[in-house]
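Tertiary structure, described
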Amino acid sequence: MGPVGVEVPIIGSDSVKWIEVSVPTALNNNDSGTSFATQTKDYASSTHIGDAPFLVWRIQMTLPNALELFELHLNQEFPGVGLRLTFSYPLYPFAFISEAGSDSHYLLYALTVSGVAYLLKLSKNISSYSSCFVFPKEDLVELDLQTYSSNGPISSVAAAPGCLVLGRNDGSVGCFQLGLLNQTAPGFQHELRDDSGIGVLWSFVSRGRTIKSAQDLKIFEVHGRKLLFVLHIDGILRVWDLSSYCKIFTLALSFTLEGATVTRLWVGEPKHDSTTVPLAVLCKSSLEVGLAIINVYNLHYSIGDKMFLSVESSHQNIPQEEGECVDVKLTTDKIWILKDNGLVYNYLLHANTDVEEAGCYVSQEEFVADQLFQSLENSADDLILMANSVFSSGKEHIFPLVSSIFLRRLLHPGVLHNLVLRATLMDYNKHWTDSEFQSLTVDGLKKEILLLVEDKTLPKSVSIFQGWKNFCRRYFHYWCRNNAPCSLIVGSSSGVVGLIRKSSVSLFRGLENIELLMDGSREELGDLVRIGLNSLDDDSEREILAELLRCIINISQQLGKTTYAIFYESLVCKHIISSEEIVRRLLKVLETGHGSIIAELHVFNLGADVAWEKEQANHKNLRKFSVDILLSLHALYKKAASWEKVFDVLGKYLQVLVPQKLIKDSGAGTLFNISNSIVVPAACQIVKVMFESALDILLFVSYLVDIGWQIDMSHHDISKIQLEMVPMIQEIVFEWLIVLFFSTTPSESLSIEDFSSQLSSLHIGSNTNKKLWNEKLGKPDFTLASILLPNIQSSSVDERCLSLGYLPSPHDIISMVQKFTSWIIFGKVGDESPSFLRRSITLSLILLRHGQYDALEFLLSSMEANSERERIFKCIQDDGSDFCLLQHLLGCCHLAQMQCGLHGILKDRKVCEAVHCFFRALSGKSASQSLQSLSPEAGLPYLGFSGFVASPAWKLLYYQWAMQLFEQYNISEGACQFALAALEQVDEALRLDDDFFERDPFNESATTIKGRLWANIFKFTLDLNLLNDAYCAIISNPDEESKSICLRRFIIVLYERGALKVLCDGQLPFIDLADKVEQELAWKAERSDVLAKPNPYKLLYAFEMHRHNWRRAANYIYIYSANLRTELVVKNQQQISVALLERLNGLSAAINALNLVHPMYAWIDPPNEANFLHSEHYPSKKAKKTVTEESAGKDLQLLRPQFYIDTEKLENEFVLASAEYLLSLANEKWTYSGTQKPPSDLVDLLVQTNLYDMAFTVLMKFWKDSGLKRELENVFYAMSLKCCQSTVSSYLAGKHSLLVTSSKDEVILDGSPDIGLTTQQTNLNSQWETLEIYLVRILSMLKFLLDSFL
């Protein structure tokens, strides 16, 4: 019995959100009811009522009090909401739903084990119960069955509209007109009895002796008459007419099974215009456990005044050898048998004898086991061995690759099951609420799983592999336990075959032609013509193909199924290595095996015994394979007579693997229905087989090249393989790889700053709610294929399903998958893309529109690598169209990824890649036309071209667009590169004729464009803190206005960053900008706070000193000092002292600067005369040089203004400022008034404060002759008085050095004269000693002055 189909889960059926509604009861029934009925199994069923959706309901042992109900809408996605009715007592495994006679309600019959029957009037709008916690009492009818019968517990139940039938253990059958009559009305309850005229007592005794338990009940309607089939445990079948409550047929069934006990009865559907109804009875042996058989009978009926029934003497026996029977459905020609290990069907006896007698469908358990490496043919140990062999030179790739493979397969559509995953995570003490789990994105779920798997054991190298093995083993265990099959869905007219599981729903599909060939376990490869290989000319070619396929399967089995996982993951996981390199490494495994694997297996904790066994098995298998494959290839060559013939047959076989293009389409509108929930998992299964089959052929032909010398292959044959066949097979592998990637990869959730939304105002289709759509993005069960499906037009298959109310049949599912793959690779019917590269551009735009940047990068990068591999890269670049589009979209993708949380090296790498792509996008000849053909969602605005545009003009506009795009994302480095590139095109672009444009995009002069670009370059380099480059952009700017603005901004930024010293260190060339720089610095200084750091006046001083403009330097630093004197407002003494010290330093610097100028020019204007900077009456730069005193003096008198400040005035001000500073240190307040001669009270205050040095300095500086003598007498008099007043003094009168000037020209210009203490002064013990010292010093100084005068 070969497989004819595969189970396909409906995406979303495992994550229904239940509306919890409690069903109240008015009956005071405190009995648990365990003696009336029992709940022994999970129960599920479905029905399709008219044009209504399919209704599915379940009763589970884990939730015995609840009945779950949901709908399968044919024109919508799988429901996210279902109704869960909770009863007071556990439910009997039975329920029945029918129409309520109106378009808005259903009737639901249910029964609890306590003996209470319920009739509920359900609204067809399940969502209406979302605000209802208790079921409305007016829509509820209760019936206590225990008040009507005392004949024992219930053994079976059946129902029809207005009728509830109970079968009991004593064989009696009770019928209740529930929902049709009032419970107190006559005729509400009937007991179905064999006798009609004998006494009740005798009938009871007779019935009790002869009738056994009513094992199963079925109600069947024939020509408007309801027939009740009652199967008793002793094999007696009775048929009752429910309209008259009379028995019309009795039959004692015969069984070939020894010790048979009947358990179930199923009644099928008659053929159209037929009077034969199939019956199926399940019998189990009481002598041998697990032995069962299904007997199929043909029941004939005739309708007249009375109905006559008869059963054919012959019947069909179907042994149940493996697995327990769960459910059976009978159609007109088949019997479908659902077992706990799969689904099988048999043709009935009256069917066409020419067709195949039996077939089976591959269950989802087999698929899940294969995906999670839980099968013997595909184990986790084999995965790690193959990974170690392929990446033997790069161990660092093994564990990340293995984790990525396990994660990808765990999230694979059809494998991922929310309830199963939560049950598995609970074993790791990870508990989530429903809302927490539903809010997890695929990235969040991956992180949680990785954290649990990789942190369980130590060391790290062991934890990853063993952790994944344990996790997948637990997951598969819960998957089988929590998702067991419960009931079949079979439609005779529609052909649909489905399965209701404990926590999901699935359908069955047919097999693709290639799937029939790839079943390597079968000895015969089947009818090659039937599966689509009718292109083979004769029987000899079919024999060659059969032999060829055996060789391919032999190689595939030698490598194992883990090869596909490693090959696929290596390509989609950021391109670890190229596909060619992987093929070479796999071929090495074919030639040498896995090598010495004992040490490697020890690393992975598999044990010494297991390692040794695998080592021996590896050597044995390698030897056997090497011999077998050589013999098979020689036999193949001998049968074909030449390798050319083999290649010809192989080429015809490849046509089965080439994606098929649809020829016609109905042209219907977009359809988004439940079929989409089927297409994705079905496509995953079929495309996976296609991809693996194509990879098998690629490995086969590559292996032929490696061993060509051993199988008599000529150089011409090898060249043909390498140059013709390998590129063709690689293209097939690549196309299926892309489709498989779309089908299995979960979508990304939208980032906070979505690239697409910033490029253009986006909207999903008008028939889709954008908010709900965005919520789906990033969910594990919402793959990239789900994003693409709304773009696919509906087919005639979908229309037929909708019009007839059918779910898709196995053949329909195959047709939908074929359309899906055809649309991805070729596009819409009638509008096919000329190449897959061009088609990828359309797919890329869809991904870009929905923010799927990682998928977009993979698609475009893979397309680029595929083009290079096919050696058509150069011609694509020459043509320019597809290549330019690819590079442009790839650049947009890298930019978007950079915005999605990347930092550091990864972010810089994405920026560099984006810049690289945008530059390459202009390398083609047709760049302008191809890029302008992109929709606005690709980021490129309409630039006004009409026809061909010369390259410089296009490049200028494109580079400016790229510059603005990078600027928008604050990527100054990239924006600067495109600004510089745009500058190179300006001159040549402006020479274009205006006929190239619908509107003139260059309505500016070259100077304006260049000025704007240089201003942008200045901004970008300044943002990057490239100060020299920013200044170079300023001096290169031809637009004077723009240059001035940039220069001012440059100085402001330098000031804010504390980097204005760059202007003063001589590194920047002031080409005609020195005066402007000075003006901007002065402008900044005038508007800055006097205490700002760094102070702009100090920077101006340094700037002018570096340029040798001594007078300007002196003027700026004097303005700074004057501002400190006139504008400073401080609150405490410490701030006053600091400000005074700053002022002293400023005056000192001004004096020093003027000392560098010739004495006749050593003067500056007062601060209020601001125009002195640009005076043309004196040179801006003047060094010391010898001139004639007389001529210089005359000129000086003419040049100097009436009010000026020379060196002498600065020295006077410095002395007075020094006195003020020292007094502030002594906490004495005295403020300089600005007059050139100080008041006499200043000297007195200095003496009183013991600042004798400063007092004598002021005297010697400002008083002469008799005035000096008088002031000296006053000072010494004051000092003498202090000596008389100080009888006992250990206090030092002064703490400052005695720095009285020794000549009338000598002044103290640096520091404070009274700050430092000499050793002599420190040892003074009295004011007398101080007086004596100063008398001696003054006398010496006066003598020196007298000698100098004489």
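The structure this text deals with has already been given above.
Here's what I pulled together on the structure shown here. (Residues numbered from 1 in each chain as written. Predicted model: local features only at pLDDT ≥ 70, side-chain atom pairs only at ≥ 80, totals over all residues. Heavy atoms only, no water.)

Strand order in the open sheet formed by five strands is β2-β6-β5-β4-β3, with mixed pairing between adjacent strands. Two strands close off the open sheet at either side, each with one partner strand: β2 (17–22) and β3 (43–48). Taken over all neighbouring pairs, the strand axes of this sheet differ in orientation by 20 degrees on average, direction set aside. Judged from the six bridges that link them, β3 and strand β4 (residues 54–60) form a sheet pairing that is antiparallel. Bridge assignment links serine 45 to a residue of β4, and that residue is tryptophan 57. (Pairing = 2+ DSSP bridges. Helix = DSSP H or I, 4+ residues; strand = E, 2+ residues; numbered from the N terminus. Axes fitted to C-alpha atoms, helices over the stretch in contact; angles between N-to-C directions.)

On to the packing of helix α32 (residues 1027–1036) against helix α33 (residues 1040–1057). Orientation of α32 relative to α33, taken along the N-to-C sense of each, is 160 degrees, at an axis distance of 9 Å. Accordingly, the angle class assigned to the pair α32 and α33 is roughly antiparallel. Here the hand of the crossing between α32 and α33 comes out left-handed. Taken together, the residues of α33 that come into contact with α32 (itself represented by Leu1027, Ala1030, Tyr1031, Ile1034 and Ile1035) are Lys1043, Cys1046, Leu1047, Phe1050, Leu1054 and Arg1057. Here the contact of α32 with α33 is built from residues that sort into nine nonpolar, no polar and two charged. (Parallel < 35°, antiparallel > 145°, perpendicular 65-115°, else oblique. Left-handed = near helix turned anticlockwise from the far one by under 90°. Contact = heavy atoms within 4.5 Å. Nonpolar A, V, L, I, M, F, W, Y, C, P; charged D, E, K, R; others polar.)

With respect to the element layout, serine 1121 can be found in helix α36 (residues 1110–1127). On the basis of relative accessibility, which here comes to 0%, the residue serine 1121 falls in the buried class. Once residues lying within four places of it in the same chain are set aside, the contact partners of serine 1121 are Arg1143 and Leu1147. (Buried < 20%, exposed > 50% of the residue type's maximum accessible area, 1.4 Å probe, protein only.)

For the coordinates displayed, the defined rule picks out 36 aromatic pairs. Taken together, a centroid distance of 5.9 Å and an interplanar angle of 50 degrees make the contact between tryptophan 432 and phenylalanine 437 tilted. The same class applies to tryptophan 432 and to phenylalanine 437, which are both buried. Taking 5.9 Å as the distance between ring centres and 80 degrees as the angle between the ring planes, the aromatic pair formed by phenylalanine 918 and phenylalanine 966 counts as edge-to-face. Of the two residues, phenylalanine 918 is situated in helix α27 (residues 904–920) and phenylalanine 966 in helix α29 (residues 951–968); the sequence distance between them amounts to 48 residues. Relative accessible area serves as the criterion here: at 0%, phenylalanine 918 is assigned to the buried category. Three or more aromatic residues joined by ring pairs make a cluster, and in this case those are Phe918, Phe919, Trp954, Tyr958, Tyr959, Trp961, Phe966 and Phe978. Sitting over the face of the ring of tryptophan 1163, arginine 1111 holds its NZ or CZ atom 4.1 Å from the ring centroid. (Phe/Tyr/Trp six-rings, centres within 6.5 Å; stacked < 30°, edge-to-face > 60°. Lys NZ or Arg CZ within 6 Å of the ring centre and 35° of its normal.)

Here we come to the sheet that holds strand β11 (residues 154–160). Overall, antiparallel pairing links the four strands, which are arranged β11-β12-β13-β14 in an open sheet. Looking at strand neighbours, the two that pair on one side only are β11 and β14 (189–192), the edges of this open sheet. Ignoring strand direction, the axes of neighbouring strands in this sheet form an average angle of 20 degrees. Pairing between strand β13 (residues 173–176) and β14: four bridges, direction antiparallel. When the sheet's bridge partners are listed, phenylalanine 176 is paired in β14 with glutamine 189.

A word on the environment of glutamine 887. Structurally, glutamine 887 is set in helix α26 (residues 881–898). Separated by 34 residues in the primary sequence, glutamine 887 and alanine 921 place their C-alpha atoms 5.0 Å from one another. Residues in contact with glutamine 887, not counting those within four places in the same chain, are Glu864, Cys917, Arg920 and Ala921.

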